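# Geometric and topological summary
Next come the chains, spelled out residue by residue.
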Amino acid sequence: MNTTKSQCVLLTGGAGYVGSHTIIPLIESGYEVVVLDNLSNACKGLEGQKPVPITKVEELTGKEVTFYNVDLLNSNSVSEVFDKHDFCCVIHFAGLKAVGESCHIPLTYYRVNVSGSINLLEVMKAHNVKKLVFSSSSTVYGEPQFLPITEAHSVGNNLLNGYAKSKYYIEGILQDLCNSDKDWSVIILRYFNPVGAHPSGNLGEDPTGIPNNLMPFVAQVAVGSRPCLQVFGNDYDTVDGTGVRDYLHIMDLAEGHVSAVKKLQTNNKNGAVAINLGTGNGYSVLQVIDMFSQVSGRKIPYEIVGRRQGDCASSYCDASFAKDYLGWEAKRTLKEMCQDTWKWQSLYPQGFSTLK
Ligand SMILES: NC(=O)c1ccc[n+]([C@@H]2O[C@H](COP(=O)([O-])OP(=O)(O)OC[C@H]3O[C@@H](n4cnc5c(N)ncnc54)[C@H](O)[C@@H]3O)[C@@H](O)[C@H]2O)c1
């Protein structure tokens, strides 16, 4: 199938949490979307059907999304996808993201995240597709040396886990690639803490096993799937002693990708640019629990336990560069983040697993 070059975007890892939500504003902005995902961390769906998040996106948008069950580590299969479409640009979400797990199986993390990215870049180069948006993370900053964190903050220092290092290495590879060939144009998005769900409640974060992040854990406790939340440390130098983070609504983050794609299409200046995506506001763990409790009307039992290795007191960004460069800023409040998470969790208490 051949599609118009200027409007077709490839999403690697597009069946996952951030990718699936991003498809919606892309389609609403007139883009055609092709997803490549090996479904290692996404709900597969019934035999012969598309993955559940993709089916949900199709229902929500009324538009078809082309899907390929392809592993980035298989260059030939990735190349075959590029043979079938003329992509104007690629958004590279695919990768492994569990910080704790990356300390136990670092080689797997480097193979999937770093080697997978190199495979993708080689195939893109061979097909002369040289515009990329890359999902990076605020973890590349390590322990914040100052707040709010600007893009000028040092990266790569004292990174404590393979996940953060893999993102840092990929950012370096992208910089080198852009230095070597002036035709490349890359936007590196450093996400702070994406949370929430599509406001319909029909698409959300669907972690397998025990959630790594605060919001899905709070939601599972609120709905009764888990008995109690552990809060790691209440003796930090913050408003109430618990850790402060920059939470960002997933639909704001999704729209940030559309702004990045548009920027790549109109940009005359090539090279690699790193941009923080966050709200610029920090909320403590207890503030999140309190807000979630208010919007859900549920009590959220929690216990204070010791600090977790690698956690810092506060992390929030200076989001002004995203506004200047992309014309994007986060609009949704913590209340909306909690309301939309609760809607999704109430509609799908077990996530999508029951729909397989
Ligand atoms: N969610 C967050 O809190 C967060 C924060 C910062 C950065 N990020 C980054 O954003 C990206 C997307 O995150 P997410 O939360 O949507 O994660 P996710 O796990 O929900 O989505 C990643 C998708 O990539 C797919 N994938 C993994 N390995 C693959 C491979 N070898 N080939 C093809 N597909 C593969 C998975 O099946 C999954 O659908 C990741 O790169 C992640 O590191 C996420």
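Now for a description of the structure that goes with this document. (Residues numbered from 1 in each chain as written. Predicted model: local features only at pLDDT ≥ 70, side-chain atom pairs only at ≥ 80, totals over all residues. Heavy atoms only, no water.)

To continue, consider the overall build of the chain. In terms of regular secondary structure, the chain is built from eleven helices and 14 strands. Against the 2.2 N^0.38 benchmark of 21 Å for 356 residues, the chain shows a C-alpha radius of gyration of 19 Å, consistent with a compact globule. Going through the 356 residues of the chain one by one, you find that 53% of them count as buried. Look at the contacts in the chain between residues 6 or more apart in sequence, and 80% of them connect residues 24 or more apart. Approximately 15400 Å² of the chain is accessible, and the part contributed by carbon and sulfur atoms is 47%. (Helix = DSSP H or I, 4+ residues; strand = E, 2+ residues; numbered from the N terminus. Rg over C-alpha atoms; globule rule 2.2 N^0.38 Å. Buried < 20%, exposed > 50% of the residue type's maximum accessible area, 1.4 Å probe, protein only. Contact = heavy atoms within 4.5 Å. Areas by Shrake-Rupley, 256 points an atom, 1.4 Å probe, with all protein chains shown as cover.)

Another aspect to go through is the pattern of salt bridges. In total, this model carries twelve salt bridges according to the counting rule given. Note that Lys-50 and Glu-58 form a salt bridge whose closest N and O atoms lie 2.7 Å from each other. Judged by its relative accessible area of 24%, Lys-50 falls in the partly exposed class. For Glu-58, a relative accessible area of 18% translates into the label buried. For Asp-181, the salt bridge goes to Lys-130, with nearest N and O atoms at 2.7 Å. With Asp-181 in the loop between helix H6 (162-180) and strand E6 (185-191) and Lys-130 in the loop between helix H5 (106-126) and strand E5 (131-137), this pair connects stretches of sequence that are 51 residues apart. We note that Asp-181, like Lys-130, is buried. (Salt bridge = Lys/Arg side-chain N within 4 Å of Asp/Glu carboxyl O.)

Scanning the entire structure with this criterion turns up nine aromatic pairs. Plain terms: the ring middles of Tyr-110 and Tyr-169 are 5.9 Å apart, the flat faces sit at 40 degrees to each other, and that makes the pair tilted. Separated by 59 residues along the polypeptide, Tyr-110 in helix H5 and Tyr-169 in helix H6 bring together distant segments of the chain. Taking the relative accessible area as the measure of exposure, Tyr-110 reaches 23% and is therefore partly exposed. Residue classification places Tyr-169 among the partly exposed residues on the basis of a relative accessible area of 38%. Consider the rings of Trp-344 and Phe-352, whose centres lie 4.9 Å apart with planes at 75 degrees: the pair is edge-to-face. On the basis of relative accessibility, which here comes to 1%, the residue Phe-352 falls in the buried class. What links up through ring pairs into an aromatic cluster is the set Tyr-110, Tyr-168 and Tyr-169. Above the plane of the ring of Phe-217 lies Arg-226, whose end atom (NZ or CZ) is 5.7 Å from the centre. Over the ring of Tyr-236 we find Arg-307, and its NZ or CZ is 4.0 Å from the ring centre. (Phe/Tyr/Trp six-rings, centres within 6.5 Å; stacked < 30°, edge-to-face > 60°. Lys NZ or Arg CZ within 6 Å of the ring centre and 35° of its normal.)

Structurally, the position occupied by His-153 is in the loop between E5 and H6. Residue His-153 is classed as buried on the basis of its relative accessible area, which comes to 3%. The contacts of His-153, once residues within four sequence positions are left out, are Tyr-141, Glu-143, Pro-144, Gln-145 and Phe-146.

With that settled, consider the state of the cysteines. Applying the stated criterion to the full structure yields zero disulfides. Not part of a disulfide, Cys-228 finds its nearest cysteine sulfur in Cys-338, a span of 18 Å. Of the residues examined, Cys-228 reaches a relative accessible area of 28% and is grouped as partly exposed. (Disulfide = S-S within 2.5 Å.)

As a further point, take the pairing of strand E4 (residues 89-92). Judged by which residues are buried, E4 turns out to be covered on both faces: Cys-89 and Ile-91 on one side and Val-90 and His-92 on the other are all buried. Where strand E1 (residues 8-12) lies against E4, four bridges are found, and the strand directions are parallel. The residue of E4 that forms the bridge with Val-9 is Cys-89. Taken together, the three bridges between E4 and E5 define a ladder with parallel strand orientation. Bridge pairing links Val-90 to Leu-132 in E5. (Pairing = 2+ DSSP bridges.)

So yeah, pure geometry; function would need other evidence.
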